[in-house]
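Single-letter residue listing:
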Amino acid sequence: MTTITVSGSATVGGTAYPATAQVSLQAASSAQCLFGIWDDGSAWPSTSYAGVQKFSAAPVKSATQYLAWLGPFPAAFNTLCAAAGSTMYLNLEPWNTWGGGASPTIPDIAAGKYDSYLTTIGQAIKAGGVTVNVTWAHEMNGTWYPWGIESVTPAQWIAGWQHVYTTIKAAAGSLASMVWCPNNNDVGPVTPYWPGQAYVDLAAFDGYLNTTNASQTFASFVEPTVAEIRKLTSGPVWNAETGVQGTNREARLTQFAQDMKSGGIAGFTWFNEGDYLLDTSETAALCAAVNAWNAG
Amino acid sequence: MAVSVTLSISPSGTVASGTTVTATYTVTGNGGSAGQTITISGSATVGGVKEPATAVITLGAVAPAAVTYAVPTAPGLSFKATAQPNVFTAVAP
């Protein structure tokens, strides 16, 4: 633990009044893993925490929710997270996959056309009374989303992000923590999408070991993304969505977790679905890896 | 009442990595003052006779002074402004 002094001042009628406060931070060497889970069991309507609970052998700090555009804020899941001691990671996706309306365009979002919806999201976060981590239009440097590189320029994406950031936080106050989240940079650089530190509360990326090739490791495949992000920000960097391909992968995912910790990553969210769905033994190995991380 | 400024931090206790740290300024003693009417009393003694006299004046209201807040600084923490001018947040490393 490190106790540091926060210094500031308020100027009242032209006279500056200094003020200080102290805060105790976990030492970097003993920083706990920001361990998160996305499990298909948490899908909308998200009223069950059971999917996340499968990983309860380790302290789960984050639980993901994917929310299509104009979808209702998952207040019930947010409450479940708070009760379990985790923080909801709300992934706002600007497309209509649930029949709730037309898919928006990024320029329309930037222009304020959907401010009422964004304000509703922010107000719901504030009403929940707990911090919610929020991302929007993630993996924007990839090709698989309508907000990706084939349809949206980095400048357009940044304009959208900055507007979403400002609008949600205006309504949510200090309870919305906006998470900037590109994909691993093997698909394309992340730097063009950096909106500036003033618009990023937590820098993250989605970085998987997405082949069964054992030579694909943190160092060879993921670390270059981390290095690129570290040129943009000195703050924590979180692997917000990850998994390891293959079967009988206990050893590989354990090594991956160790490498992420050694690489200074703040933590990771396991995407427990499809090719990355873990069996009982693999789940136990992942939890053991997180507990080892937390043990220092 | 003299002006004073305090800075408070939340959450309390040891802050885990990745947690949002909130710094909040509180200013006291900057309430300004309402307008008021006061009576000034005096007297003049003329030929040994004290002659009292009064006058009434009105003091205008004084608005609270303008307040601006500096972005707090701390090693390892990068604070940013929020929608509330006296509130700043940072993510613990």
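As the structure is a prediction and not an experimental result, all values here were calculated from the model.

Caption draft 1: Fine view of a nonpolar patch on the surface. On the surface, W44, L70 and W98 of chain A cluster together into a nonpolar patch covering about 300 Å² of accessible area. Within the secondary structure, W44 of chain A sits in the loop between β3 (36-39) and α1 (50-53).

Caption draft 2: Broad picture of the sheet that holds strand β1 (residues 4-10) of chain B. Across the sheet, four strands lie side by side as β1-β3-β10-β9 (chain B); this open sheet has antiparallel pairing. Each end of this open sheet is capped by a strand with a single partner; those strands are β1 and β9 (80-81) of chain B.

Caption draft 3: Structural view of helix α6 (residues 218-230) of chain A. Residues and elements named next belong to chain A. In this model, α6 (13 residues) spans only 16 Å end to end at C-alpha, well below the 18 Å of a helix rising 1.5 Å per residue. In α6, a bend of some 30 degrees at P224 exceeds every other bend along the element. Here α6 has its buried residues at F218, F221, V222, T225, V226, E228 and I229. Residues of α6 that are buried in the fold lie against β7 (176-180), β8 (202-206), β9 (237-242) and α7 (250-262).

Caption draft 4: Structural view of the interface of chain B and chain A. Of the residues lining the interface, 37 residues belong to chain B; the matching set on chain A comes to 37 residues. Surface buried jointly by chain B and chain A totals about 2,700 Å² across both partners, of which 65% is contributed by carbon and sulfur atoms. The largest share of the area that chain B buries against chain A comes from L7, S17 and K80 of chain B, three residues that together contribute 19% of it. At the boundary of chain B and chain A, one finds one salt bridge. The partner of D201 of chain A in a salt bridge is K80 of chain B, with the nearest N and O atoms 2.8 Å apart. Applying the counting criterion to the chain B and chain A interface returns eight residue pairs in polar contact (both at pLDDT 80 or more). Contributions of two or more residues to the side of chain B that touches chain A are made by β1, β2 (14-15), β3 (20-28), β6 (67-69), β7 (73-74), β8 (77-78) and β10 (87-91) of chain B.

Caption draft 5: Structural detail: the sheet that holds strand β4 (residues 62-68) of chain A. Residues and elements named next belong to chain A. On the basis of which strands lie adjacent, the closed barrel formed by eight strands has the order β3-β4-β5-β6-β7-β8-β9-β10 and parallel pairing. The mean inter-strand angle of the sheet, taken between neighbouring strand axes irrespective of direction, is 30 degrees. Across four bridges, the pairing between β8 and β9 is parallel. Bridge assignment links D206 to a residue of β9, and that residue is E241. With respect to the sheet, helix α5 (residues 154-172) is in contact with β5 (87-93), β6 (132-136) and β7, its orientation differing from that of β7 by roughly 165 degrees.

Basis of the calculations
Residues numbered from 1 in each chain as written. Chains lettered and ligands numbered in written order. Predicted model: local features only at pLDDT ≥ 70, side-chain atom pairs only at ≥ 80, totals over all residues. Heavy atoms only, no water. Patch = residues over 30% accessible without salt bridge, like charges linked within 9 Å, V, L, I, M, F, W, Y side chains within 5 Å. Areas by Shrake-Rupley, 256 points an atom, 1.4 Å probe, with all protein chains shown as cover. Salt bridge = Lys/Arg side-chain N within 4 Å of Asp/Glu carboxyl O. Helix = DSSP H or I, 4+ residues; strand = E, 2+ residues; numbered from the N terminus. Pairing = 2+ DSSP bridges. Expected span 1.5 Å × (residues − 1). Bend = angle between axes of the 7 residues up to and from the residue. Buried < 20%, exposed > 50% of the residue type's maximum accessible area, 1.4 Å probe, protein only. Contact = heavy atoms within 4.5 Å. Buried area = accessible area lost by both parts, 1.4 Å probe. Polar contact = N/O pair within 3.5 Å; in protein donor to acceptor, adjacent residues only side chain to side chain. Axes fitted to C-alpha atoms, helices over the stretch in contact; angles between N-to-C directions.

Note that every value here comes from positions in space, so none of it alone points to a role or purpose.
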